[in-house]
Every structure is written in C-alpha cells, then in structure tokens.
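Inside the fold
Chain by chain, the residues:
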Amino acid sequence: MPVSLNYIVKRLFWSILVLVGVIIFSYLVIILSPGDPAVKWAGNPRGVNATFAIEAARRELGLDKPLYMQVFDFVAKVLTGDLGISIAYKQPVFTILYSNLAATLELLLCSYIIVLPIGIVLGVYSALHRDELIDDVLQSFGTIMANTPAFWLAAIVFLLLVSAGSPVYGRIDTRLALETGFQSITGFYLLDSILQGNIVIFIDVLVKLIPPALIIGVYPLGLSIRLSRTLMAESLTEDFVRAAVAWGVKRGRIIWKYAFRASIPPLVQVFGLAFAYSLIDAMVVEYAVFGREGLGRLLVDALNYSDFKLAIGLLIVVTAFYLVINTVADVIQALIDPRVRL
Amino acid sequence: MVLAVEAENLKIGYEDEEVVWAVKGVSFKVMVGEIFCLVGESGCGKSTTGNAIVGILPPYSVTDGVLRILGKTVIEGNKRDYTGVRGRIVSYVPQNPGSSLNPYLTVEEQFHYVMNSVYEWGRKKVVEEATRYLRMVELDPDKVMDYYPHELSGGMQQRTAIALALSTGAKIIVADEPTSALDAHLRLGLIRLLTRLRDTVNLTLIFITHDLLSAGKICDKIAIMYSGRILELGPSGKILTEPLHPYTEMLVDSVPILGIMKPLKTYGGEPLTPGVEVKGCLFLDRCPKKFDKCAENHPAPKEVHERIVECWRYV
Amino acid sequence: MANIRNNKPSISGAVKNVQKAFQTKTGFVAITVRAWKRSSRFKIGFVISSLIIMVGVLAPLLAPYPRDGLGYVPEDALQKIRLSPSRDHIFGTDTRGRDIFSRVVFGVRSALIQIFLVVSSSLLIGLFMGVIAAYYKGFIETLINYLIELFMSIPAIVIALALRLILGSGLLTVVLALIITWWSWYGRVTYIYSRSIVEMDYVLLAKLSGVSGLKIIYRHVIRNASPPVLVQAVTDLGSVLLEASAINFLGLGLPPDSPEWGVIMQEGIQYLSISPWISVFPGIFILVTALGFSLIGDSLREEVDPKLRRRWRLWF
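Now for a description of the structure that goes with this document.

What counts and what doesn't
Residues numbered from 1 in each chain as written. Chains lettered and ligands numbered in written order. Predicted model: local features only at pLDDT ≥ 70, side-chain atom pairs only at ≥ 80, totals over all residues. Helix = DSSP H or I, 4+ residues; strand = E, 2+ residues; numbered from the N terminus. Buried ≥ 20, exposed ≤ 12 C-beta atoms within 10 Å, placed from the backbone. Contact = placed C-beta atoms within 7 Å. Nonpolar A, V, L, I, M, F, W, Y, C, P; charged D, E, K, R; others polar. Core = buried A, V, L, I, M, F, W, Y, C linked by C-beta atoms within 7 Å. Axes fitted to C-alpha atoms, helices over the stretch in contact; angles between N-to-C directions. Parallel < 35°, antiparallel > 145°, perpendicular 65-115°, else oblique. Pairing = 2+ DSSP bridges.

Take the overall build of chain A next. In terms of regular secondary structure, chain A is built from 14 helices and zero strands. In terms of overall dimensions, chain A has C-alpha extents of about 80 × 55 × 40 Å along its principal axes. Going through the 342 residues of chain A one by one, you find that 47% of them count as buried. In chain A, of all internal contacts separated by at least 6 residues, the share reaching a separation of at least 24 is 73%.

For valine 20 of chain A, the position within the fold is in helix H1 (residues 5-32). Taking the C-alpha atoms as reference, valine 20 of chain A lies 35 Å from threonine 148 of chain A; in sequence the two are 128 residues apart.

By convention, interface size is frequently given as the accessible area that disappears when the constituent parts associate. With 42 residues of chain C in contact, the opposing surface of chain A contributes 49 residues. For the side of chain C that touches chain A, the secondary structure elements donating two or more residues are helix H7 (138-153), helix H8 (156-167), helix H11 (213-249), helix H12 (261-269) and helix H13 (277-304) of chain C. A total of ten residues in the side of chain C that touches chain A trace back to one element, the largest contributor, which is H13 of chain C. Split by residue class, the side of chain C that touches chain A holds 29 nonpolar, eight polar and five charged.

Glancing now at the nonpolar core. Membership of the largest hydrophobic core comes to 278 residues, with the highest contact counts inside it found for Phe151, Val285 and Leu314 of chain A together with Leu161 of chain C. Among the elements that line this core, the one with the most residues is helix H12 (residues 251-288) of chain A, at 19 residues. Excluding anything up to four places from it in sequence, leucine 314 of chain A contacts Leu97, Leu295, Leu298, Leu299 and Ala302 of chain A together with Val158 and Leu161 of chain C.

Residue and element names in this part refer to chain B. For the pair helix H3 (residues 107-119) and helix H4 (residues 123-136), the least separation of the axes is 9 Å and the interaxial angle reads 110°. One element, H3, and the other, H4, form an angle in the roughly perpendicular class. The segment H3 lies against H4, with Glu108, Phe111, His112, Met115 and Asn116 engaging Arg123, Val126, Val127, Glu129 and Ala130. Split by residue class, the contact of H3 with H4 holds five nonpolar, two polar and three charged.

Residue and element names in this part refer to chain B. Burial runs high along strand E3 (residues 35-39): five of the five residues are buried. Neither face of E3 is exposed, since Ile35, Cys37 and Val39 on one face and Phe36 and Leu38 on the opposite face are all buried. Strand direction decides the pairing type here: E3 and strand E9 (residues 204-209), joined by five bridges, are parallel. Opposite cysteine 37, over in E9, you have phenylalanine 207 as the bridge partner. Two elements, E3 and strand E10 (residues 221-226), share four bridges in a ladder whose sense is parallel. Note that in E10 the partner of valine 39 across the bridge is isoleucine 224.

Residues and elements named next belong to chain C. As for its position among the elements, threonine 190 is in helix H9 (residues 171-198). Judged by the 27 C-beta atoms lying within 10 Å of it, threonine 190 is buried. If we skip the residues at most four places from it in the chain, threonine 190 touches Gly126, Leu127, Gly130, Val131, Val221 and Ala225.

On to the interface of chain A and chain B, then. In this assembly, 18 residues from chain A lie in contact with 25 residues from chain B. Of all the elements in the fold, those that place two or more residues in the side of chain A that touches chain B are helix H11 (239-246) and H12 of chain A. Ranked by residue count, the leading element in the side of chain A that touches chain B is H11 of chain A, at seven residues. A per-class count over the side of chain A that touches chain B returns ten nonpolar, one polar and seven charged.

Here we come to the sheet that holds strand E7 (residues 90-93) of chain B. Either a parallel or an antiparallel arrangement is found when strands of a sheet pair, and the pairing is made through backbone hydrogen bonds. Residue and element names in this part refer to chain B. The eight strands lie next to each other as E7-E8-E9-E3-E10-E11-E13-E12, forming an open sheet whose pairing is mixed. Both outer strands of the open sheet, E7 and strand E12 (302-304), are each paired with one neighbouring strand and no more. Along the sheet, successive strands turn relative to each other by an average axial angle of 20°, direction set aside. In this structure, E12 lies alongside strand E13 (residues 307-309), joined through three bridges in antiparallel fashion. In the sheet register, glutamate 303 faces E13, and the bridge partner there is isoleucine 308. Across the sheet, helix H5 (residues 154-167) lies against E7 and strand E8 (172-176), angled at about 180° from E7, the strand it touches most.

Turning to the sheet that holds strand E5 (residues 72-76) of chain B, a few remarks are in order. Reading across the sheet, the five strands line up as E2-E1-E4-E5-E6 (chain B) and stay open at both edges, with antiparallel pairing between neighbours. Every other strand in the sheet has two partners, leaving strand E2 (19-31) and strand E6 (79-80) of chain B as the edge strands with one partner each.

Okay, structure coming up:
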C-alpha cells in the first residue's frame, strides 16, 4: 500500500486540530462580539422570564470562570456532543442536527450519484472531440450550469412542477407515513423504506427527492463537464500516452487506462471540495423552496428564533462535515496516486 | 532487398498561427536488417523524423511528401495512416523514459496492456514474455515487475522502456537517444543487445543521436541532418574518415576517434531557428568553405562516391 | 554601508511600470489584450460585464422609478401590489408595490459593491498573510497556515448566520462573512509562491545590504504571482456573487427592501406560484452577471496556461 497509516493518522489529527480551532473560534465569536454573550446565548429573550433565561445562559457559558477555562469547558462539551438545548426546538441541539444532517445528506448523495458519472463521461467525450462543435456546445452548457444560482433554478423548477400539478413539497408525506407505519431507522428515508419493504413510501420519498436533487446537481454537472474535459485534454498530450500509442496499445485502453486514469486524482480532490460546497446549495434550496426538513430548515429557524446555540451547532457540524469530506478526499487521492508515498 | 523505411522528399511541419517546417524535405532508404543513424544537433529535425516513422506526430502537424514502411504508405501529402503499423511493425524507444512510462500502472500492468493489445495474450503468457525481455536488457524481473515507474532509477526506467519497446515484437525499432540516461557499461550492453538482435532476428534499427561517436560504432549508414535537411548520407565508416560536407567535417573534427591522431576543433554558431526563412544554403552562416553560389539557393542532393551530399562544392 | 532605500515614489517610475506591464508577455494587461484578440469567450464576457457595470453606474437614469429602486414604497402602492409585467412595469411590481425593474437595476450596484469589496479585501489580506508567513517562518508560519486551513473549512453561510445574530442585517454581515472565508484561498496561494522566493539568495543579500527583505518579497510576489492570482480573482467575482446572493436570499445579509437581487427573490418566494416575476427576474441577472465575470476569468486563464492552445483531434 503506497500510503502509510502514518499519513492517515497525521491527516486525521490535523483535521481534528482544525475542528477544535473552529470550536474555539465559535466560542470567541460568542464572547468577544458586541453585546452580552449571555443574552445572545439565551436567544435575546424578552418578557417575564428573560432575566431567568439570561442567568441560566450565564451559568451554561461559565462566564464567571477565567477565559481559558471557559474555552476548555466549551470545547470539551462540544466534543462530547453537548451543544445545549435549542431554543427553537426545545431539544438537544445535537439530536436535531443529527436527524437533519441525514436528510440533507440523502439529498446530496442522490444528487452526486446521478450527476457525477454523467458529467464525467460527457467531459471525456468533449475532450475527445476537442475543438469540434460538440465540444463548444458541451462546454458552454457546462459554464452556464456552473454559474446558475441554485435557488433561482429551484424556484423555476418548483413553479413548473406546481403548475403541472405534482406534489413536490416537503420530504415525505407524513400522513401516508403514519398510515403505512413507516419508521425512521437510519434517518435516510430511501434506505429505511426499502428495509421495511414500504414501496409506497419509497416512491413518495423518491418523487419528492428527484427535483431538488437534480437542481443541486446542476452545479456539479457543469463543473464535472468542464473539469474532466480540461484534465482529459491535458492528459492526452502527456508523453506516456504518446509512448503507449507508439507501442500499439489499443485506443480504448489509452483513453481510459492511461489518459483518464491520470485525471482521477485531481478529480477526486475537486469533487471533495464541490461536495462540501453543494451542501451549502442544498441547505439554501431544500427548505426555502421545497419545504423539506434538513440543515437548511435549521438555518432559517435559527435565524427566526435567534437561536444562537443552534447557529453555533450548525457552524460546527457543517464545518466538521467539510473537514471529513476533504480528509477522505485527500486520503483517497493519496491511495490512488502511486507517486504519493508518505 | 526489401525496404524497411523509405522517405521521398518528406516534409514535416507544425501548425501554430502559420506552419513552421521542422523537416524541410528528406529522402532516404533503410534496408531491412540495417542500422541507420540520424545524427545532428538539437533542433535539426531528427526526432521529428523519428516520430513520423513511429507514428506519433502530434495532431497539429502538417506533412508533405511520402513515407513508406515495409511498402505501406503511411504518409502521403498531408494524409497519415498508421493502421496496423504502430507496435506491430514499428516500435519506439523514447528519449525521455521517465515520462514515457505510465506513472499509475506497475511495470507488469504496462507490459500487459502492450502485449495484450498487439497479440491478445493472457496474463500468464505476458508475464513469461515480459520476464524474458527484462532479462534481455539486464534487469532483474523481481526488482521491476511489481513496481511503479517512479520507484525505479533512471537507468532502470530507460531499460524498462526499451524492454517494452522490444516486447511488441516489431521488427523496426526507432530509438531516440536511447543511451542518454545510461551509464557507460550499460550503454555498451545496450549497443551489444541491439546488434545481436539485428544479427539474430533481422531487426532494423533507426538510431537517433547527437553523438557522432556512438553512431559511428553501431551504424551501417549515417544521415547527417541540419535544420530539417539531410546534408550528407552514406556508410558510417566513410563519413567519419572522409567527410564530404563541411558540416560533417566540423562534427568529425570535434569528436575524438580512437586510433586516429588529430587535433580537436570546436565550431561556433547556432543552428537555425525553425520558421526563419533563409535564402541560400541552410548551412551558409556557419560554413567555412562557402562561396558565392551558396548564397543563392540551398543545394539539391547529389550522389558522390556512393554517398548523397547537399553542397554546391560537389555539383 | 550605503543606504539604498529609495522611498520617494515618482511619476516617471509609475509610468515605466505601466509601460512594462504592456510590454511584458506575462503582465496582466498583456494577457488581457491577447485574450481579447483571440478568444470569443472573452469578448462575450467582457461585453456582458461592461454592460452590467454601465447599468450599475447609470442606475438612477435607467430606472423608471428610482425611488422604488432604492427601496422606498411609492404613495399609490396599495393599488400596485404584485402587478404582472406590463408596459408601465417591465418586470412587474413586488409585494409592496414597487417597480421590480428599477429595483433590479439598482441591484446591480449592490451586487458590484459586494463582490468588489469582498474580493479586493480578501486579496489584500491573503497577500499580506501569505507573505508574512513565508518570510518570518517558524511559529508565525505554522500559525498562519493553521488559520488558513481553519477559515478555508468554514462555509461562509454559517458564518453569515452567526454574524447575523450578532450584528443584525446589513452589508457588513454579508461582506464580512465572505471575506472571512475567501482570504484564506489567496493566503494559501501567496504563501506557496512566497515560500519559493524566500529561499532565493538575493533576498538574503538584500537583507544584508539594508533593504527590507519583506519589501522585496512583496514586490516580487506582486509582479510575478499576480497574473494568475488576478485571473483567479476575476473568476471569483462571479463565485462570490452567487454565494452573496444565496446569503441574502436566506435573509442572512442585507435586510428586506434592500435593492439586492437575493433579497428581492426572497420576498417573492412565498408568492412564487401567483407572482413568479418577483423571484424570476432578479435571478436572471445573477446568472448573467456571474456568467460575464466567469467567462472573462476562464479566457484569461486559458491565456496564462497555454498547454491546450494548439489544435487537436483524436489522432490514434
């Protein structure tokens, strides 16, 4: 194995260190920004119970202790999963984040699984026909797709679907779920419905999932069409491709085992970044336009209820997700590129 | 005798904004079983000619004239057709072995893709044959087969590339500076191997180098190239001992030849930049023996003493 | 030891620098000129971006209802709520009776201000941090690299949420959230580039002879690394616009009634099936503007990296 365990451990350790840094940063944001931190933490309460809530927040934050202790306590609490009780939901922040993360993740994964292979194949095709009309057309589409605001496209698609009469609001038909006795086990409804043999729910979830998944997929589709074309076109000019041609290697092999193979490491890295970026797109689109639950909904609710705990929890979780994805992408990249020996 | 390679006024250029001609019209014949050398300074077009024979001219190249390999016309005018030629008939030892091996595949996998493409052999047969070829170039298969190219030393990479080139079973090999990455004893080993192959399986070798000395040792015929044309072409012994063209003289004078006492002379000047239009003989500004006729046109090839020279002194 | 520090800026020096930028093959201006001549994508992108900028500059003149454009509600508002597009109101009216075309036109200013503020600030901060990290090495280097990695990992939108809860809505929130994220990209690129320069001997010699090594690095980095970084910055103008609009769309940035495309779209999302024009038209402008800058950036990048310039076809 070209990649040593040492590398993976080092990378992991570094990412954890960054995560801790993010947690500390969040804490400093609470403490050092204008306004009384306790008030913010309590969610700007008004009314009769305000002082009580603020005092409770003050205790929670441990504002009477020295700064380094505060930070340490906070980091320890977060790492053990205690992010406080959400003001909006009156439940532990961590629980809410977890279930909603699954919803958003399901959307993202479906989106990428459909879109990436198509985009890559189109990009390779584009590169093989470089400078021809089809190449220009595909690349133009790719550029437009990569610059389309997801929430605008979502609005248009949603509008069209509603005018055509299809029910794509929400993530699942709760009444139908109750009637058919659907239970959420993993948090991934598609998986759960298969596990329970509940075809009705499966179809319902799938139908509601496809439109937002495709919309979120527009950006990665455009990106993959352009990126794989560029990388492929470059690999095709490499020396080892010419040498292989000279030695009589068949065309199909040259395209996939030589040229495309060289494009894979940078593709993995960029898609890692794109996946994390698409999480944001998903968050923007899923609730505001499609009314699905997910991290996007938490974002809006945190705003509306001044739920600072939820906001900080969201920041940490989304960043953690980002770090995990990038670390995984880096490790995969190191695994598949034999020249990277660490 | 069958002609392995035949070129008739072959021209090769590259298209950027306009066409720049790297090879301005060369003609030569290579017999089967012959070792033919293309010698010249960097930029003279020898590698380009080699690429044309191998079939890896870039898509933005422009050609003219005729090139035939074993009777099959691969280049005619601006049309190029190498079907059935690459790998099977002509193989290639690249100039830069490090970048010519696929960095993402082990050596064994690379042998597999080459041999399977040419012969459709299965894994076992490929490993057998690959081992044989690796041993031929003095490599220990156990130290090479399961490794990735970057894990091998420069010399090992070069020899692996040579083994890969030979493994296609092609009877015509174009070797572009094959000895540059090798130590002296390996260089000798390679030359011995190639001559042995020529003697046993009638291999035709087209040897591209800037080193006149190595060329003299191994080649039957030498073609001296300069700025896209062959200035002198003939048997290697004669060219080294009795050079006709002033450029050949310069090259020979700057190289020590064992057994002959002679002073070494250097020569100044730079080869012409491709794309620059020149009136008169291409060698004009560096020629110590020029006269008024030389400034008018580049001389046409003339047969002199079983050699072909392009110089006004022999017309 | 002779003090060769020359602090006085001179006009002739500046002129010479500009001349040089035109003459050198790699100067940013030269690249731009070449791209204009060679690439149709550049031309399209340039035309789009110039038109947009002109619209922004001439907004008060172009908007038929400039006060609507700025966000004020007109007197006869109640009769004009959510009118569909007509001759009087090309893009229709919004939920409070304002002319959408005027709001969108003024939205150009908002968009341009946001993206130029974010990109230029991030560029400066990133440049500064990158050079400092490479020059001083040691602890500072590690610290800055750590910060770069940290801030590169946090998506702007969640920072915007936190800032929104602290600072309230406004331009500062969205711009600050984006700067906090984007500077790290420029910081990383500058750091990597400066690292190689710092190793060079002439920096050491310069330090010995009294000229600030830091100044040398700045000058060298700016002169040599700036073309590719500036090209990236142009493309980033488009990307930042998309992110900023998303942040405003969720209400995490500029307040409602602002002349900002994302904000207008948010106001219209509830009435999407009834009055789609409120949300649809601003989005088109986001797309077109981002596309314009993106096209320019792409064609510039092609100029800087000439590997794929030559004609190609599948030749084997």
